[in-house]
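# Per-entry structural report
The primary structure of each chain is shown beneath.
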Number of protein chains: 2
Amino acid sequence: MCKSIMEKAIEQADKTMSQGIGGPFGAAIVDKDNNIYVASNSVLDSHDATAHAEINAIRKASKALNTHDLSGCVLYTTCYPCPMCMSAAIWANIDKIIYGCSAKDAAEIGFRDDFIYTFIQNNCDNENIVELKQQDREKTLALFKKYKEKENIIY
Amino acid sequence: MCKSIMEKAIEQADKTMSQGIGGPFGAAIVDKDNNIYVASNSVLDSHDATAHAEINAIRKASKALNTHDLSGCVLYTTCYPCPMCMSAAIWANIDKIIYGCSAKDAAEIGFRDDFIYTFIQNNCDNENIVELKQQDREKTLALFKKYKEKENIIY
């Protein structure tokens, strides 16, 4: 029987989880021509905290399609995306996200993504999570001014 | 005169911005041994919507240090991080983020990261930004159960 897109994502996650490559998370992107790009979490193997399944799928699809703009694409993911992956999908202009397990389901097996959602919802104001400090604004602002002049954009 | 870490990030961003590689954003990570990993936005050149300066710096430092755990590292960034980069820094266990320009400064040159913050702060409930739909929970939950059994974890 032909596998559904979600089943392909599950299968990939199952494989890499068993190999110790990453956690039990898979994703697949379907583009406008029905091409499917399947990926899974590879944080442990690639030593890259950003290598979540959804990010890996976005990178794979972008590389294949030769664009950072994934408008018209649908992202399937075995679990509700964390804020990093949610934001990445939005930056990539993905239209729709179809997810399997909920954030609560993930928490029940030890993945507590919700603390980052809570941090953001509280205006990123919790030094126990990460300390934020502004510095050198004038120097960095000069770069922005240069960009604005270069692009000749009026906002 | 010796350049500050923020100046190194600015210099790198200036260079790649001028080459059309990406927007006017640079970042640098300083590890516990004072090694510095500098990167900049390469979204346009790499065709990867996730290739923000902070994400690129995290990947660079992780690769050099051979770990996804950047505890004890400080992230310098020319601009207040977007939610994707903020979350990535938290996943990587970065302790402190030092930023130059504010989100408002970025908005003034056309980069409106704040809509993703607003989306998350409104519980990701805005189909105009991205539509979210749950599907196949039972199938994906089986993967989580398998992980739990494999890891023999009790939560």
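Residues numbered from 1 in each chain as written. Chains lettered and ligands numbered in written order. Predicted model: local features only at pLDDT ≥ 70, side-chain atom pairs only at ≥ 80, totals over all residues. Heavy atoms only, no water.

Residues with a pLDDT of 70 or more make up 97% of chain A, whose mean pLDDT is 94. What the predictor reports for the complex is a pTM of 0.94 with an ipTM of 0.94. (pLDDT = per-residue confidence, 0-100.)

Where a strand is regular, its side chains alternate between the two sheet faces. Residues and elements named next belong to chain B. When you tally the buried positions in strand β4 (residues 96–101), you get 5 out of 6 residues, the bulk of the element. With 5 bridges joining them, strand β3 (residues 74–79) and β4 adopt parallel strand pairing. Residue threonine 77 lies in a different strand from β4, and its bridge partner there is tyrosine 99. Between β3 and its parallel partner β4, the chain crosses via helix α4 (residues 83–91), and the hand of that crossover is right-handed. (Buried < 20%, exposed > 50% of the residue type's maximum accessible area, 1.4 Å probe, protein only. Helix = DSSP H or I, 4+ residues; strand = E, 2+ residues; numbered from the N terminus. Pairing = 2+ DSSP bridges. Right-handed = clockwise from strand over helix to strand, strands pointing away.)

We now examine the side chain of arginine 59 of chain A. Of note, arginine 59 of chain A is situated in helix α3 (residues 53–65). A polar atom in the side chain of arginine 59 of chain A sits 2.8 Å from the side chain of threonine 50 of chain A. Arginine 59 of chain A has contacts with Asp48 and Thr50 of chain A together with Asp48, Thr50 and Arg59 of chain B, leaving out every residue within four places of it along the chain. (Polar contact = N/O pair within 3.5 Å; in protein donor to acceptor, adjacent residues only side chain to side chain. Contact = heavy atoms within 4.5 Å.)

Take the packing of aromatic side chains next. Summed over the entire model, instances satisfying the criterion amount to 12 aromatic pairs over all chains. Ring centres of tyrosine 147 of chain A and phenylalanine 111 of chain B lie 5.4 Å apart, and the angle between their planes is 45°; this geometry places the pair in the tilted category. Here tyrosine 147 of chain A is found in helix α7 (residues 137–151), whereas its partner phenylalanine 111 of chain B is found in the loop between α5 (103–108) and α6 (114–121) on a different chain. The exposure class assigned to phenylalanine 111 of chain B is partly exposed, which follows from its relative accessible area of 23%. Within the aromatic cluster, the residues linked to one another by ring pairs are Phe25 and Phe111 of chain A together with Phe144 and Tyr147 of chain B. (Phe/Tyr/Trp six-rings, centres within 6.5 Å; stacked < 30°, edge-to-face > 60°.)

A separate point is the sheet that holds strand β1 (residues 26–30) of chain B. Pairing is mixed in the open sheet, where 5 strands are placed in the order β5(A)-β4(B)-β3(B)-β1(B)-β2(B). With one partner strand each, in any of the chains shown, β5 (131–134) of chain A together with β2 (36–40) of chain B form the two edges of the open sheet. Taken over all neighbouring pairs, the strand axes of this sheet differ in orientation by 20° on average, direction set aside. Contacts between α7 of chain A and the sheet are confined to β5 of chain A together with β3 and β4 of chain B, with β4 of chain B contributing the most and set at about 55° to the helix. Relative to the sheet, helix α1 (residues 5–18) of chain B contacts β1, β2, β3 and β4 of chain B, its axis offset from that of β2 of chain B by approximately 30°. (Axes fitted to C-alpha atoms, helices over the stretch in contact; angles between N-to-C directions.)

A few words on the relation of the copies chain B and chain A. Applying a rotation about an axis and a shift along it to one chain copy brings it onto the other copy. At an RMSD of 0.0 Å, chain B and chain A line up after a rotation of 180° and a shift of 0.0 Å along the axis. Overall, the copies show the geometry of a two-fold rotation axis. The C-alpha atom lying nearest the rotation axis in chain B is that of methionine 84 of chain B; the distance is 2.0 Å. Both copies share a contact surface, since 100% of the interface residues of chain B are interface residues in chain A too. (Least-squares fit on C-alpha atoms with pLDDT ≥ 70 in both.)

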